[in-house]
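Residue-level structural notes
Okay, here's what each chain looks like letter by letter:
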Amino acid sequence: MTLTSKRFFGCAATVTASLALLACSGGDMGAGQFDDTVTVGLLHSLSGTMAISETTLVEVEKMAIKEINEAGGITVSGKTYGIDYIEEDGASDWPTFAEKSKKLIDQDGVPVVFGGWTSASRKAMLPVYESKDAFLYYPIQYEGQECSKNIFYTGATPNQQSEPATEYMYKRSPAAGKPFFLVGSDYVFPRTSNTITKAQLRSLGGVVAGEDYLPLGNTEVAPIISKIKKALPDGGVIINTLNGDQNVAFFKQIQSAGITPQNGYYVMSYSIAEVEIDTIGPEYLAGHYAAWNYFMSIDSPASRKFTEDFQAMYGSDRVTNDPMESAYNMVYLWKAAVEKAGSFDDNEVREALIGVEFDAPQGPVKVMPNHHLSQTVRIGVVTDDGQFDIIESTEGPVLPQAWNQFEPTSKGYACDWTDSTKGARYRL
Amino acid sequence: MTLLFESLFNGVAIGSVLLMAALGLAVVFGLMGVINLAHGELIMLGAYTTYVVQNIFKLEALKPCFGAYIFVAVLVAFMVSAIAGLVLERSVIRRLYGRPLATLLATWGVSLILQQFVRTTPMAYASGLWMTLLLGLLMPVLLPQRIRARFRALHLRVAGWALALAGGIGTAAWLSGISRLSRASARNVDVTAPKWMRGGIELGSLNVPVPRLFIICLTVVAVIAIYWFLNRSVWGIRIRAVTQNREISDCLGIPTQTVDALTFGIGSGLAGVAGVAVSLLGSVGPNVGGDYIVGSFMVVVLGGVGKLVGTVVASFGIGLLTDVIGAGRLLEVWPSMPPTCAAVVEFFATTSMAKVLIFALIVAFLQLRPAGLFPRKGRMVEA
């Protein structure tokens, strides 16, 4: 190797290293204010197809960390700790999530990782956390049928989202009693979610007139539209579990084909929140439904403060939504658990976590023995200005069911991590 | 009868999107033999152009004509992608003629660059850059003969580009006033169809969505225009001459380099028009090109490389098959078919499985006729 090329590589290495340092130096916290710092891991897709959604989670997690630091950090046995973070990019690639998890746990020694969005990324990370007995906080509503000792789920389980939604659509919506059509993207969440919906409708006495799945990346909806028209000639309910951009294609094309609320077709979506309405355009979505635990339009002091703080930090035209609220909650729940345990030790925090309560933007939430949250369920209808009009909400928080009670393979099972004889899956 | 019409309409609707996306590639890949993997990204540029034009038409002064923005978008999108294509041809592809593998890799690289470009550049700046290129390229034509004659060529070029740059900066500054265009965002954006285009028309018992109708009309116009251009216009005849025999054409005084640039520019411009069509159906994002590139190559290969009519037939054929298989039409036509057959039809009557079956059919067909539906006949001199 010649001298010049050596020098070049030297330079390149220095530049790369300094870039890496720049990329990794996270939190903007005043040094000296605390007795010590604790570094947590944030692991979401910052690039690739999922970046659009997942970066919003990183933003609220940083906001929660900043708020906690400004309020005096975490106090553990008399000492105050400031929170610092290491940001890693899962790159919308599931094996990368596992690899970066290993790095955060082994190399950086973080006590907790906040991360993930898709079920596929969670399934990829799960074995890593279980084998290293580390702890992952996962913020997204998902299909359930999982209850790991090493994952804490702050999103809704099906009985906290799809089940109340199906019941509402079947019993009390303008299309009550009409047949259902199920549309989803072709991967694990929609298929599992629709299996549950079908079982539930069977027990309610409803009719599933058809179902179809769109391969990921496909935006041609014409054959599905003909099928919907054939299956629901007099209107009905469409349960939509499409993912991301496919929603745009779907809603644009069904509107021009006359599948609209005015003609008696009501779409209930499980992945349309305020951020998606902003992208798709309210003119295509107005009059359709969604079910979540949190809506930006919730008119409570905690909810308004959450949105105002977020807009103050990231811009007044930004919106907040359910996944962001879950991500925000989990940072606070971790802090409460650490303070309750009086230690950052995994096992002690895990035990302390159960029973922790937090006054979230959606209302009170509580960590249950199955590592899920009890949460309030709300049904909203999209308004012309891109918000949700909340038309129904449960009396109080609904208890989470990790194992679904409509799905025959998991019926009669539950999960309890407070009792060593019960664990991940025991018979009720 | 209704069934037949519905199926036919759906098939034509699906096919016209495919055809629109593939038409530019039929020119670039079919006539020039350039494997352009950045074709999808040229579609994407067209889709983003629609978004920019739409936002300009939301300004107070232009609001009354909002309903007509889509027509302006078609023209501008053609120009945006055509210029991007020209720059691509001049800078990269020209150096790689006759080296298909190198072209393939280089254009793939270009596609990644373009994707990252729209992710990280505010649309206002991107428009400014485009305006600079447009004015800079047109300047020699725009300036009056009197002025051109008075200055030395070098001075003229420098001054021309400086003027173009000023125009570009002006455009960027003007568009920065629109908040949606002033910030870069990796998030997908939304193109809202004008109000008259959002509904459907009742034709007998058939409901025809207006955006679909618009895309079909756009496709028909584009096909007729390109057909006329290639077969009737002087430059079209030159293009065909060069594709058939480059050396002889060169000897006869046809400026082959200009012909290459023109062909590539037109193919790219058609991709831009496809971008407008695509933006009416789905969302507009950096990855939108990837959804169409495979389908486009498939259509061109199936139709027979170098034959426009093949691309047309292949698109509508695939469109019809998608509808017939995907919506399970056979069961409707013949409800009393034997249960085994019915089960098979039903199994493939989902979008995913229909796609699998169509790909399998295409592969099988190409095994039997490797040159596609309409193979080129006669002697061809390889470029």
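From a predicted model like this one, the values you see are computed outputs, not experimental measurements.

Let us now look at the overall build of chain B. Of the regular secondary structure elements, chain B holds 17 helices and 2 strands. Computed over its C-alpha atoms, the radius of gyration of chain B comes to 23 Å, within 12% of the 21 Å expected for a compact globule of 383 residues. Here the C-alpha coordinates of chain B stretch approximately 85 × 55 × 35 Å along the principal axes. Taking the intrachain contacts of chain B between residues at least 6 apart in sequence as the baseline, contacts between residues at least 24 apart amount to 76%. Accessible area of chain B: about 18100 Å², with a carbon and sulfur share of 71%.

Residues and elements named next belong to chain B. Where helix α2 (residues 39-56) contacts helix α4 (residues 100-120), the two axes come as close as 9 Å, and the packing angle between them is 20 degrees. The orientation of α2 relative to α4 falls into the category roughly parallel. Here the hand of the crossing between α2 and α4 comes out left-handed. Contact residues: Glu41, Met44, Leu45 and Tyr48 in α2; Ser111, Leu114, Gln115 and Val118 in α4. In terms of residue class, the contact of α2 with α4 is made up of 5 nonpolar, 2 polar and 1 charged.

So, about the confidence of the model for chain B. Within chain B, residue pLDDT values average 89, and 98% of them lie at 70 or more. Prediction confidence for the complex, expressed as pTM and ipTM, is 0.81 and 0.77 respectively.

The next point concerns the interface of chain A and chain B. Contacts between the two partners involve 35 residues from chain A, matched on the other side by 39 residues from chain B. The junction of chain A with chain B conceals about 2900 Å² of combined surface from both sides, 45% of it contributed by carbon and sulfur atoms. Across the contact surface, chain A and chain B share 4 salt bridges. The closest approach of N and O atoms between A:Glu220 and B:Arg212, which form a salt bridge, is 2.5 Å. The tally of links from chain A across to chain B stands at 19 residue pairs in polar contact (both at pLDDT 80 or more). Secondary-structure elements contributing two or more residues to the side of chain A that touches chain B are β8 (208-214), α7 (222-231), α8 (246-256), α9 (274-280) and α10 (282-285) of chain A. The element contributing the most residues to the side of chain A that touches chain B is α7(A), with 7 residues. For the side of chain A that touches chain B, the class distribution of residues is 13 nonpolar, 11 polar and 11 charged.

Once that is clear, we can look at the sheet that holds strand β15 (residues 378-382) of chain A. Residue and element names in this part refer to chain A. One open sheet holds the 7 strands; their spatial order is β8-β7-β9-β10-β11-β15-β16, and the pairing between them is mixed. Of all strands in the sheet, those with a lone pairing partner are β8 and β16 (388-393), marking the two edges. On average, each strand axis in the sheet is inclined to that of its neighbour by 25 degrees, with strand direction left out of account. Sheet topology places strand β7 (residues 180-185) next to β8; 6 bridges connect them, and they run parallel.

We now examine the environment of B:Val110. Residue and element names in this part refer to chain B. Tracing the chain through its elements places Val110 in helix α4. Its relative accessible area of 15% is what places Val110 among the buried residues. Along the backbone, Val110 and Leu37 are 73 residues apart, and their C-alpha atoms lie at a distance of 8.2 Å. Setting aside residues no more than four positions away along its own chain, Val110 makes contact with Ala38, Leu88 and Val92.

A few words now on the sheet that holds strand β12 (residues 357-360) of chain A. Residue and element names in this part refer to chain A. Sheet architecture is open: 3 strands sit in the order β12-β13-β14, paired in antiparallel fashion. This sheet does not close on itself; its edge strands, each paired only once, are β12 and β14 (373-374). With 4 bridges connecting them, β12 and strand β13 (residues 363-367) associate as antiparallel partners. Residue pairing for β13: Phe358 is matched across the bridge by Val365.

To continue, consider the pattern of salt bridges. Enumeration according to the criterion identifies 32 salt bridges over all chains in this entry. Residues A:Lys79 and A:Asp36 are paired through a salt bridge, measuring 3.9 Å at the closest nitrogen-oxygen approach. Residue A:Lys79 is found in strand β3 (residues 79-89), and its partner A:Asp36 is found in strand β1 (residues 36-44); the two are separated by 43 residues along the sequence. Among the residues examined, A:Lys79 registers a relative accessible area of 36% and is labelled partly exposed. A salt bridge links B:Asp260 to B:Arg246; the nearest nitrogen and oxygen atoms lie 3.0 Å apart. Linking B:Asp260 in helix α12 (residues 256-281) with B:Arg246 in helix α11 (residues 246-251), this pair joins segments that are 14 residues apart in sequence.

This part covers the layout of surface pockets. One way to see where empty space is left: roll a probe the size of a water molecule over the atoms. Roughly 880 Å³ of volume is contained in the second largest pocket. What lines the second largest pocket is a set of 29 residues, among which A:Arg318, B:Arg183, B:Ala184, B:Ser185 and B:Arg187 lie closest to the centre. Mapped by element, the contributors of at least two residues to the lining of the second largest pocket are α2 (51-70) and α9 of chain A together with α2, α4 and α8 (179-182) of chain B. Grouping the constituent residues of the lining of the second largest pocket by class yields 13 nonpolar, 7 polar and 9 charged.

In terms of nonpolar packing, the biggest core is built from 189 residues, with A:Tyr137, A:Ile228, A:Ile238, A:Phe250 and A:Trp334 touching the most fellow members. Per-element accounting of this core gives the leading share, 13 residues, to helix α1 (residues 2-31) of chain B. With sequence-adjacent residues up to four places away left out, A:Phe250 is seen in contact with A:Val183, A:Val221, A:Ile228, A:Ile238, A:Asn240, A:Leu242 and A:Val267. Membership of the second largest hydrophobic core comes to 17 residues, among which are A:Ala165, A:Tyr168, A:Leu201 and A:Val237.

Residue and element names in this part refer to chain A. All chains considered together, the criterion is met by 26 aromatic pairs over all chains. Plain terms: the ring middles of Phe114 and Trp334 are 6.0 Å apart, the flat faces sit at 85 degrees to each other, and that makes the pair edge-to-face. Of this pair, Phe114 sits in strand β4 (residues 113-115) while Trp334 sits in helix α12 (residues 322-341), placing them 220 residues apart in sequence. Overall, the relative accessible area of 1% leaves Phe114 in the buried class. Residue class for Trp334 comes out buried when judged on its relative accessible area of 2%. Between Tyr332 and Phe358 the ring centres are 5.1 Å apart and the planes differ by 10 degrees, which places this aromatic pair in the stacked class. Of the two residues, Tyr332 sits in helix α12 while Phe358 sits in strand β12, which places them 26 residues apart along the sequence. Like Phe358, Tyr332 is buried.

What counts and how
Residues numbered from 1 in each chain as written. Chains lettered and ligands numbered in written order. Predicted model: local features only at pLDDT ≥ 70, side-chain atom pairs only at ≥ 80, totals over all residues. Heavy atoms only, no water. Helix = DSSP H or I, 4+ residues; strand = E, 2+ residues; numbered from the N terminus. Rg over C-alpha atoms; globule rule 2.2 N^0.38 Å. Contact = heavy atoms within 4.5 Å. Areas by Shrake-Rupley, 256 points an atom, 1.4 Å probe, with all protein chains shown as cover. Axes fitted to C-alpha atoms, helices over the stretch in contact; angles between N-to-C directions. Parallel < 35°, antiparallel > 145°, perpendicular 65-115°, else oblique. Left-handed = near helix turned anticlockwise from the far one by under 90°. Nonpolar A, V, L, I, M, F, W, Y, C, P; charged D, E, K, R; others polar. pLDDT = per-residue confidence, 0-100. Buried area = accessible area lost by both parts, 1.4 Å probe. Salt bridge = Lys/Arg side-chain N within 4 Å of Asp/Glu carboxyl O. Polar contact = N/O pair within 3.5 Å; in protein donor to acceptor, adjacent residues only side chain to side chain. Pairing = 2+ DSSP bridges. Buried < 20%, exposed > 50% of the residue type's maximum accessible area, 1.4 Å probe, protein only. 1 Å grid on protein atoms, 1.4 Å probe; cavity = no way out; pocket = protein on both sides within 12 Å on 5 of 7 lines; lining within 4 Å. Points joined across faces, edges and corners; volume = space filled by probe spheres on them. Core = buried A, V, L, I, M, F, W, Y, C linked by side-chain atoms within 4.5 Å. Phe/Tyr/Trp six-rings, centres within 6.5 Å; stacked < 30°, edge-to-face > 60°.

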